[in-house]
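Given next are the chains, with one letter for each unit.
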Amino acid sequence: MSTETDIHDSIDDAADTVGSVWPIHSFVTANPLSGFEDQPFAEAVTAAAETLGGRGYPSPEMFRQALERDQIDRDILEAELAEAGYEADPETLLSRMDTAEADTSDATGTAEDRAEHVLTKWLSSFLDEGRAHWGMPDRDLGFYGVFRAISGYDSQIPDEGVVADLPTKPIETIKAVVEPYPEKQWDAIFEEQLAALPGWTGFIKQRADDDNAWQSRYPISVTGYLAARLALLDAFDADLTPSEEPTRGPTEADEIAEGFLSAWEGTYREELVGAVSEASESYAETEASDRPDAQLVFCIDTRSEVLRRHLEKTGDYETHGYAGFFGIPMEYKGYDAEVSVDACPPIAEPQHQIRDEAVDTGVQEEHDHLTGIREAAAEIVESIESNAATAYGFVESAGSGYGLALASRTLVPGRVHDFFDSVDETIPDEHDFCSPSLEGLTLAEKVGYAETAFDLMGWDHFARLVVFTGHAGETANNPFDSSLDCGACAGNPGGPSARVLAKICNDEAVQAELRERGFDIPDDTVFLAGQHNTTTDEVDLYDGTVPESHTEELDTLRADLETAREATAAERLGSAGDAARESKRKAADWAETRPEWGLAGNAGFVVGPSELAAGLDLDGRAFLHSYDWSTDPDGDALEAIMTAPMVVTQWINCQYYFSTVDSAVYGSGSKITHNPVGNVGVYQGNGGDLMTGLPLQSLMAADDEPYHQPLRLSTVIHAPVEQVTDIIADHENVAQLLDNGWLSLTVIDPTQDHTGFHYAGELSWSPTSEGVPVKPSAEAPSAVADD
């Protein structure tokens, strides 16, 4: 491995074990064990425990609580444990797990501690994205370059070893530090050192891959980071000899935990598959309905399921689920935004640069004037508060008024929310005078995005009003605010994507081409966009394109959305009082650690016709994607769903799973001790690694009471089983996830009397019995399909 190319390749391989981490201002949910997905789940969590130090299964106490609450069916549990070779009663086995639980923490030596204290200080200063008022000098040299240039002025770094005279190239520094060690150990050294601070490593990986504006201006690489780390460890005389402990396989405790987890998942899946199977039979007997009052397309997000269900009860509405970026892979820049953001999932590269442009100069001028006043006042307050020379004088001079404002936000946040609402209402919204610019899109591309949306959802009719509804959260004083926004939009609001697709579909040339392709869009159909506030459950409709001829339908829809909002808030908050009012309080309360539950509770992904999901109460735990197999003879639409939305929902599910089972390693611990860092992440306390996952308050109802049930995703697809088999066979990454047990898949086959088939691995299926997946059989899918 003496060549630089060999070392670079080894570093790249070592970095693969660490999952990517996105900046907290654009929080992207991802599987923290993504680098281990090529292994079976049980082996992966064991390997990850050795590399990253995290646990892979829920604690015995979590299983005990689930068993006591009947979330685990004892018959299913007995079968799972028996197959694993355990005949003792569940309580005895949980006690054995308790005994096996041991302190697996790895206390870091003093040298490593001191080196990492210095290193994380440098990283937080260099990687700051606009938070610091005094930035690190010479960042344009890149991380390794500035470290090489000014580390000599850092009194905390000993003037020893390679750091005393750093080479020009980071690869030379790496080679100089590891040269005393046998070459056969270098791979392990790189892997251990990159895994030591997985939060920072994952963030650097993502930033380097994304190559955004910050990276272009202030570059950093995994190689440069590793060089600085090794130089510091060398300066502190740390021993880099990698651990020689043999890799262990799953223990008895792991095997028991896998049995409990599979039974917990099987219990949930029994209920989910049973509900979908019953709905499938009812759907087959239902005659086509008349034209609905309106069609609303929501994100597949689990929070949409509750609002959709309550809206359908208020009138003749047809609701659909579609990925919340609405199929537009774009980089978006809002009218008032300083920078653009990627508004599509990480597995899709932005293909278009879309920006809001003013179309009404009169309203624009009023907006700019009022917004300018508000922002100027905010900037003055911020600069005074953050300036050590003026902060005390500001508090003294503004004392009573400022104190009153603080008290109001603390004691009556609901009224503060109303006040800001009233202030904002005086300022024209950018949607009132702006429209997304589509100059970069060709007619063929516009038609393609609209056609893809209607194909994937299986549309063959259109209402007078069609609403594409994005979503975003609302919260105060919360570093994790973007985690409540749309995951399909890379942790950004989904409204802009909805506006783009609505504008595309209102284009007369696009509609003409769509009619040529078989989509019979009536002349009186109007497309508009909206945004679902998932914290308050309000839906803001962007109705600037709606003609007066549709006013009555629009007014009715607004009223029904408000009715649905009240019912949704009551269900979500479990409040017997004014739940809608309480949701506003939570959104405005800067002391509220849990403004909403986000996607906590997610456990299922249902793919099928919107009519099949209508009326189903899935308790806000399932992602819903509309799909009609009868309009997709070649399976192209289903292939797109299984290779994109299904993969993304598995990422989301895994982040919630691992953040729950080990908050310290895979989550981010308690918000109470969070310390925001450079607008990119949070520490626990005053330094250390970036926390990578979700906070405890997003997952736990109390310290010892989980709200989120940590289950792997159960996917249910309403389609012919042979078609699903062909798609799995054609996509190695999908087959790998399924074969390795990162999610489960059950197919309800409408061509075989709505029989359920559970994926048993290696492209084989086993029929389900009363919705409960039976054990894998050796039958090939074709043999099952011919029965």
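Here the structure is shown first, and the text comes after it.
Bear in mind the structure is a predicted one, so any value in this text is a computation, not a measurement. (Residues numbered from 1 in each chain as written. Predicted model: local features only at pLDDT ≥ 70, side-chain atom pairs only at ≥ 80, totals over all residues. Heavy atoms only, no water.)

Student: Please explain the packing of aromatic side chains as it appears in this structure.
Tutor: Describing an aromatic ring pair means giving the distance of the ring centres and the angle of the ring planes. Scanning the entire structure with this criterion turns up 26 aromatic pairs. Judged by centre distance (5.1 Å) and plane angle (75°), the ring pair of F41 and W742 falls under edge-to-face. Taken together, the residues span a long stretch of sequence, with F41 in helix α2 (residues 41-52) and W742 in the loop between α27 (732-739) and β17 (743-749) at a distance of 701 residues. Centre to centre, the rings of W214 and Y218 are 6.3 Å apart; their planes meet at 35°, and the pair counts as tilted. Look at Y218 and you get buried, because its relative accessible area is 12%. An aromatic cluster of at least three residues, connected via ring pairs, comprises Y322, F326, F454, W459, F462, F468, F519 and F527. Directly above the ring of Y218 sits R139, whose terminal nitrogen or CZ lies 4.0 Å from the centroid. (Phe/Tyr/Trp six-rings, centres within 6.5 Å; stacked < 30°, edge-to-face > 60°. Helix = DSSP H or I, 4+ residues; strand = E, 2+ residues; numbered from the N terminus. Buried < 20%, exposed > 50% of the residue type's maximum accessible area, 1.4 Å probe, protein only. Lys NZ or Arg CZ within 6 Å of the ring centre and 35° of its normal.)

Student: Explain the packing of helix α14 (residues 302-314) against helix α21 (residues 551-573) to me, please; I cannot follow it from the model alone.
Tutor: Packed helix pairs are characterised by how far apart their axes lie and by the angle those axes make with each other. The geometry of α14 relative to α21 is characterised by a closest axis approach of 8 Å and an angle of 135° between their N-to-C directions. Regarding the angle of α14 to α21, the classification is oblique. The element α14 and its partner α21 pack so that their crossing is right-handed. Facing α14, whose interface residues are V306, L307, R309, H310, L311 and T314, α21 presents D560, L561, T563, A564, R565, A567, T568 and E571. Across the contact of α14 with α21, the residue classes tally to six nonpolar, four polar and four charged. (Axes fitted to C-alpha atoms, helices over the stretch in contact; angles between N-to-C directions. Parallel < 35°, antiparallel > 145°, perpendicular 65-115°, else oblique. Left-handed = near helix turned anticlockwise from the far one by under 90°. Contact = heavy atoms within 4.5 Å. Nonpolar A, V, L, I, M, F, W, Y, C, P; charged D, E, K, R; others polar.)

Student: Just to check I follow, could you spell out the pattern of salt bridges for this structure?
Tutor: Pairs can form between side chains of opposite charge whenever their charged atoms are close. Within the structure shown, the criterion is met by 32 salt bridges. Here R712 and E265 are joined by a salt bridge, their closest N and O atoms 2.8 Å apart. Residue R712 is located in the loop between β15 (705-706) and β16 (713-718), and its partner E265 is located in helix α13 (residues 252-284); the two are separated by 447 residues in the primary sequence. What makes E265 buried here is its relative accessible area of 6%. With a shortest N-O distance of 3.9 Å, E538 and K584 are connected by a salt bridge. On the criterion of sequence distance, the pair formed by E538 in the loop between β8 (526-533) and β9 (539-542) and K584 in helix α22 (residues 579-588) is long-range, its members being 46 residues apart. Within the structure, one salt-bridge network assembled from shared partners comprises E582, R585, K586, D589 and E592. (Salt bridge = Lys/Arg side-chain N within 4 Å of Asp/Glu carboxyl O.)

Student: Even after reading the chapter, I still don't get the pairing of strand β13 (residues 681-684), so can you show me in this structure?
Tutor: The side chains of a regular strand alternate, first on one face of the sheet and then on the other. Where strand β12 (residues 674-677) meets β13, four bridges bridge the pair, whose relative direction is antiparallel. When the sheet's bridge partners are listed, V677 is paired in β13 with G681. With antiparallel pairing between neighbouring strands as the criterion, β12 and β13 make up a hairpin whose turn holds three residues, including G678 at a positive phi of roughly 55°. (Pairing = 2+ DSSP bridges.)

Student: Sorry if this is basic, but what is going on with helix α12 (residues 222-235) here?
Tutor: The first and last C-alpha atoms of α12 sit 20 Å apart over 14 residues, in line with the 20 Å expected at 1.5 Å per residue. Among the 14 residues that make up α12, 13 are buried, leaving the element largely enclosed by the rest of the structure. (Expected span 1.5 Å × (residues − 1).)

Student: Can you walk me through the side chain of Q511 in this structure?
Tutor: With respect to the element layout, Q511 can be found in helix α20 (residues 508-516). Discounting residues that sit within four places of it in the chain, Q511 has contacts with C505, N506, I521 and F527.

Student: Mind showing me how you'd approach the nonpolar core here?
Tutor: A general feature of soluble globular proteins is that nonpolar side chains tend to end up buried together. Core analysis: the largest hydrophobic core is formed by 134 residues, its most contacted members being F454, F468, M642, F658, V724 and L745. Listed in part, the 55 residues of the second largest apolar core include Y144, I157, F203 and L690. (Core = buried A, V, L, I, M, F, W, Y, C linked by side-chain atoms within 4.5 Å.)

Student: Is there a simple way to explain the environment of V178 in this structure?
Tutor: Inspection of the secondary structure puts V178 in helix α8 (residues 170-178). In the structure, V178 is positioned 12 residues away from F190 in sequence and 9.4 Å away in space, judged by C-alpha atoms. With residues near it in sequence (within four places) discarded, V178 still touches W186, I189, F190 and L230.

Student: How should I be thinking about the sheet that holds strand β3 (residues 330-333) in this particular structure?
Tutor: Strand pairing in a sheet is mediated by backbone hydrogen bonds. Such pairs are either parallel or antiparallel. In spatial order, the strands read β4-β3-β5-β6; together these four strands make up an open sheet with mixed pairing. Every other strand in the sheet has two partners, leaving β4 (341-342) and β6 (434-436) as the edge strands with one partner each. Pairing analysis gives two bridges linking β3 to β4, with the strands arranged antiparallel. Residue Y332 lies in a different strand from β4, and its bridge partner there is V341.

Student: Help me understand the packing of helix α1 (residues 4-15) against helix α9 (residues 186-196), please; the structure alone is not making it clear to me.
Tutor: With their axes 9 Å apart at the nearest point, α1 and α9 run at an angle of 45° to one another. Considering the angle they form, α1 stands oblique to α9. The two elements α1 and α9 meet at a crossing, and its hand is right-handed. Two secondary-structure elements touch here, α1 through I7, S10, I11, A14 and A15 and α9 through W186, D187, F190, E191 and L194. Here the contact of α1 with α9 is composed, by residue class, of seven nonpolar, one polar and two charged.

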